[in-house]
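# Reading the structure
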Protein chains: 12
Amino acid sequence: MSEHVYKSVEITGSSTESIADGVRKAVSRASQTVRHVEWFEVVSVRGHIANGEVEHFQVTVKIGFRLEAGDQP
Amino acid sequence: MSEHVYKSVEITGSSTESIADGVRKAVSRASQTVRHVEWFEVVSVRGHIANGEVEHFQVTVKIGFRLEAGDQP
Amino acid sequence: MSEHVYKSVEITGSSTESIADGVRKAVSRASQTVRHVEWFEVVSVRGHIANGEVEHFQVTVKIGFRLEAGDQP
Amino acid sequence: MSEHVYKSVEITGSSTESIADGVRKAVSRASQTVRHVEWFEVVSVRGHIANGEVEHFQVTVKIGFRLEAGDQP
Amino acid sequence: MSEHVYKSVEITGSSTESIADGVRKAVSRASQTVRHVEWFEVVSVRGHIANGEVEHFQVTVKIGFRLEAGDQP
Amino acid sequence: MSEHVYKSVEITGSSTESIADGVRKAVSRASQTVRHVEWFEVVSVRGHIANGEVEHFQVTVKIGFRLEAGDQP
Amino acid sequence: MSEHVYKSVEITGSSTESIADGVRKAVSRASQTVRHVEWFEVVSVRGHIANGEVEHFQVTVKIGFRLEAGDQP
Amino acid sequence: MSEHVYKSVEITGSSTESIADGVRKAVSRASQTVRHVEWFEVVSVRGHIANGEVEHFQVTVKIGFRLEAGDQP
Amino acid sequence: MSEHVYKSVEITGSSTESIADGVRKAVSRASQTVRHVEWFEVVSVRGHIANGEVEHFQVTVKIGFRLEAGDQP
Amino acid sequence: MSEHVYKSVEITGSSTESIADGVRKAVSRASQTVRHVEWFEVVSVRGHIANGEVEHFQVTVKIGFRLEAGDQP
Amino acid sequence: MSEHVYKSVEITGSSTESIADGVRKAVSRASQTVRHVEWFEVVSVRGHIANGEVEHFQVTVKIGFRLEAGDQP
Amino acid sequence: MSEHVYKSVEITGSSTESIADGVRKAVSRASQTVRHVEWFEVVSVRGHIANGEVEHFQVTVKIGFRLEAGDQP
């Protein structure tokens, strides 16, 4: 990690399939507009139910990325 | 949510396959006898081990449902 | 409390006005179908937002009541 | 645990003697009206004081039981 | 929630009147510069005291909004 | 805060009206006998129920005050 | 609880016998110098070990008492 | 559980596939060198990100096993 | 504590009698194979139920001991 | 600890230098007016920022001391 | 705090020297691109180890700043 | 982290100087008898007080190391 400074943000991805897939959705969305995304941590797993079945897993993850010169924390 | 009142209960579903499947088992069991089941939140993931392998994932979820007139909280 | 046995349930009341009002809604609903309701504790305060304004406060409370002979915990 | 589904409820037992006795009161009350009660976990230990002495230990436990076909979660 | 991705941020609003009013201040400020603000959760309630009286309630809320294409998480 | 040293105490105020009012009761009582009361933080909101209605909101707050020379922590 | 204001303090009692006895020691000590002691809550149970055996149970309890006019919080 | 004594250790398994698979890796590794492994509990789910995608799920589990005579806790 | 280094491990003892007895079982088992066991802290109290009665209290404690030269942490 | 009874209080010390120094400030202030101060535990580390730099570390510690006959808890 | 609205972000600074230095790195980086930075709170202290020695302290802090008109929360 | 499996242990180091130094003591002791020590996380900071001054900072850290074939978790 050397002298780098990091920021973490909280993102929620959703999936009809699995919790891992919800994590992947959140991570891949974050990576579209932020560089140097390096780690994640699952914060909560929730979801909606419709007609007696799980509709979506909503997975909230903290995602950490390295700040570059000029990035606004 | 308007003026509705909700109740949440804690249910544990088990699966030999995945954590998502344990959630689905808990949700679908709750929906057999309670109406208006609307959301869930994963509370813990535990399990038993036999012969050095995971036997079951036991997934405890809070499940929320809307109370109707006359339902006992 | 003497030798009584108590049960607590988790109920969510909603209000457009205040958090205290959300508590009152949850408590009064529980009291319609359960006797001997004696105490509450606020667990979380959440809510929905529409058009940039708070739509409802959704107040989740643990509500405790004394069990009588024959009540199902 | 196989494919069973479980529910847990929160019950408070009280005792003038000991914390273990408060747990036993809560467990034995739950077992009067619910079948298949299998485990407990102590959540909190509180109590009232009168004349400078402990009057009752009030022990809150989560109690888990197996749901049978038709049981309402 | 479908396939949407959400971000949550932590905002503190203050009010001399009530906790609900502190929530409204935070939510309405967030909505001025962010679109698709959908939910909140109260994280903490603090405040300053002056001359022996509460000066402000400072209510910290997590506020969640839907990310659109191109929004920076 | 400079080189000051602070102490915090836990006080419970009650109100039939609102949570904010319970905070004010606790703060104003603390200020009657302690000087330099500067901040508070809400720790829990509980209450008693009578005849199916909320009787009192009991709001527990941590209250911080600056220690002066000779004050006993 | 009416309009009373309460303070809670953290006291650790010790016992070679049981956890309940550690609570009683803490409560009875608090009651020697403070009036209107009304409730307690167990915060932690620790202890020292000597020669491979438990020497003392050290039970930390929050103890609540009603403040009278002029009592210093 | 009879009169048995148990120890729990914290192990992190990793998987590119799923969270359940990370649990299985941790459990199966623990079972190679310890006997009587009986239960697990998921403590945290983290992971590394490379090129904007999840590289590994790192699943930390508490794993409990029964101590035999002579085993070092 | 001087310049010593300590390690803590998590052990579960069980008792049909009391929580204190479960702690003693865990401590005395740890002391059979580890030297310099100095303190404990109760982490959780759970148990199994059979025929509507508590079968065992299962008390999980963190147990701390001083590391000597050459001990493996 | 023998049969002693202890009380713990929450004190915040501040330092421009280090967190350890903030702890020392809190401990040394408590020791000026209370006897038998024996242990501390860090509860939180916060601080104020001015002109883009840390102004003070504000370190809140729980401080435990032995009660003597007649001390008010 | 008057009628201001605040936002808090989570930043990780690293230092080979001390925890206080890690806080200063995080705060000073945040202040380069954000105005009105006013307070911080330490969330976690972690780090990497190389060749048996601490390589870096990685200190995660919540940093709060006042929002101005037009700032995006 | 690839397909590695990790174990974490809880070690307490002490220092008369600083919290960072307590971490270094714990890490360097763990590294004497365990290979592949890779990360740490501070769990608690406590200490003893003598003659009104801090005697030692006792810093408890979780320390993670990679398990090799044949290592006992």
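In this report, the structure presented in the accompanying data block is examined. (Residues numbered from 1 in each chain as written. Chains lettered and ligands numbered in written order. Predicted model: local features only at pLDDT ≥ 70, side-chain atom pairs only at ≥ 80, totals over all residues. Heavy atoms only, no water.)

What follows concerns the relation of the copies chain D and chain B. Rotating chain D by 120 degrees about the axis while translating it 0.0 Å along that axis superimposes it on chain B, leaving an RMSD of 0.0 Å. Overall, the copies show the geometry of a three-fold rotation axis. Relative to the rotation axis, the C-alpha of Val-9 of chain D is the closest in chain D, positioned 4.5 Å from it. (Least-squares fit on C-alpha atoms with pLDDT ≥ 70 in both.)

With that settled, consider helix α1 (residues 19-33) of chain I. Buried residues of α1 of chain I: Ile-19, Ala-20, Gly-22, Val-23, Ala-26, Val-27, Arg-29 and Ala-30 of chain I, and no others. Two or three places before Asp-21 of chain I, at the opening of α1 of chain I, Ser-18 of chain I has a side-chain oxygen 3.1 Å from that residue's backbone nitrogen. (Buried < 20%, exposed > 50% of the residue type's maximum accessible area, 1.4 Å probe, protein only. Helix = DSSP H or I, 4+ residues; strand = E, 2+ residues; numbered from the N terminus. Polar contact = N/O pair within 3.5 Å; in protein donor to acceptor, adjacent residues only side chain to side chain.)

Moving on: the side chain of Arg-29 of chain C. Tracing the backbone through its elements, the reader meets Arg-29 of chain C in helix α1 (residues 19-33). Polar side-chain contacts of Arg-29 of chain C include one of 3.5 Å to the side chain of Thr-33 of chain C. Those residues in contact with Arg-29 of chain C that sit more than four places away from it in its chain are Val-5, Leu-67, Glu-68, Ala-69, Gly-70, Asp-71 and Pro-73 of chain B. (Contact = heavy atoms within 4.5 Å.)

Interface extent is often summarised as the accessible area lost during association of the parts. Contact residues are listed per partner, giving 16 residues for chain L and 14 residues for chain H. Summing the contributions of chain L and of chain H, the shared interface buries around 1,400 Å²; its carbon and sulfur component is 48%. Across the contact surface, chain L and chain H share one salt bridge. Note that Glu-10 of chain H is salt-bridged to Lys-62 of chain L, the shortest N-O span being 2.8 Å. Along the contact surface separating chain L from chain H lie five residue pairs in polar contact (both at pLDDT 80 or more). Residue composition of the side of chain L that touches chain H, by class: six nonpolar, five polar and five charged. The sheet contact formed by strand β1 (residues 6-15) of chain H and strand β1 (residues 6-15) of chain L spans three bridges and is antiparallel. Looking at the pairing, Ile-11 of chain H lines up with Lys-7 of chain L of β1 of chain L. (Buried area = accessible area lost by both parts, 1.4 Å probe. Salt bridge = Lys/Arg side-chain N within 4 Å of Asp/Glu carboxyl O. Nonpolar A, V, L, I, M, F, W, Y, C, P; charged D, E, K, R; others polar. Pairing = 2+ DSSP bridges.)

Let us now look at the interface of chain D and chain B. Listed by partner, the interface residues are 17 residues for chain D and 15 residues for chain B. The contact between chain D and chain B buries some 1,400 Å² in all, and 48% of this surface belongs to carbon and sulfur atoms. Seen at the junction of chain D and chain B, the total is one salt bridge. Linking chain D with chain B are five residue pairs in polar contact (both at pLDDT 80 or more). Counted by class, the side of chain D that touches chain B contains six nonpolar, five polar and six charged residues.

One pair of aromatic rings is described through two measures. These are the centre distance and the angle between the planes. Scanning the entire structure with this criterion turns up 12 aromatic pairs over all chains. Aromatic side chains Phe-40 of chain D and Phe-57 of chain I sit 5.8 Å apart centroid to centroid with 70 degrees between the ring planes, which places their arrangement in the edge-to-face category. Taken together, the positions of Phe-40 of chain D in strand β2 (residues 37-50) and Phe-57 of chain I in strand β3 (residues 53-66) put the pair across two chains. Neither residue differs from the other here; Phe-40 of chain D and Phe-57 of chain I are each classed as buried. (Phe/Tyr/Trp six-rings, centres within 6.5 Å; stacked < 30°, edge-to-face > 60°.)

Moving on to the pairing of strand β3 (residues 53-66) of chain H. Residue and element names in this part refer to chain H. The element β3 is extensively covered by neighbouring structure, given that 11 of its 14 residues are classed as buried. Bridge analysis of β1 against β3 gives 10 bridges, and the strand direction is antiparallel. Looking at the pairing, Thr-12 lines up with Thr-60 of β3. Alignment of strand β2 (residues 37-50) against β3, held across 12 bridges, turns out to be antiparallel.

Next up on the list: the environment of Val-9 of chain C. Along the chain, the position of Val-9 of chain C falls in strand β1 (residues 6-15). Note on Val-9 of chain C: relative accessible area 6%, which makes it buried. Once the C-alpha coordinates of Val-9 of chain C and Lys-62 of chain C are considered, the two residues, 53 residues apart in sequence, prove to be 5.5 Å apart. When neighbours within four sequence positions are excluded, Val-9 of chain C is seen to be in contact with Lys-7 and Pro-73 of chain B together with Val-61, Lys-62, Ile-63 and Phe-65 of chain C.

Take unusual backbone geometry next. Glycine aside, negative phi is the norm for most residues, and most peptide bonds take the trans geometry. Phi is positive for His-36 of chain C, which is not a glycine, with a value near 65 degrees. The phi torsion at Asn-51 of chain G lies on the positive side, around 55 degrees, for a residue other than glycine. According to the relative accessible area criterion, Asn-51 of chain G is exposed, its value standing at 81%.

Mapped onto the secondary structure, Lys-62 of chain I falls in strand β3. Sequence-distant contacts of Lys-62 of chain I, that is, excluding residues within four places in its chain, are made with Ser-8, Val-9, Glu-10, Trp-39, Phe-40, Glu-41 and Val-43 of chain I together with Glu-10 of chain L.

Keep in mind these values describe shape, not function.
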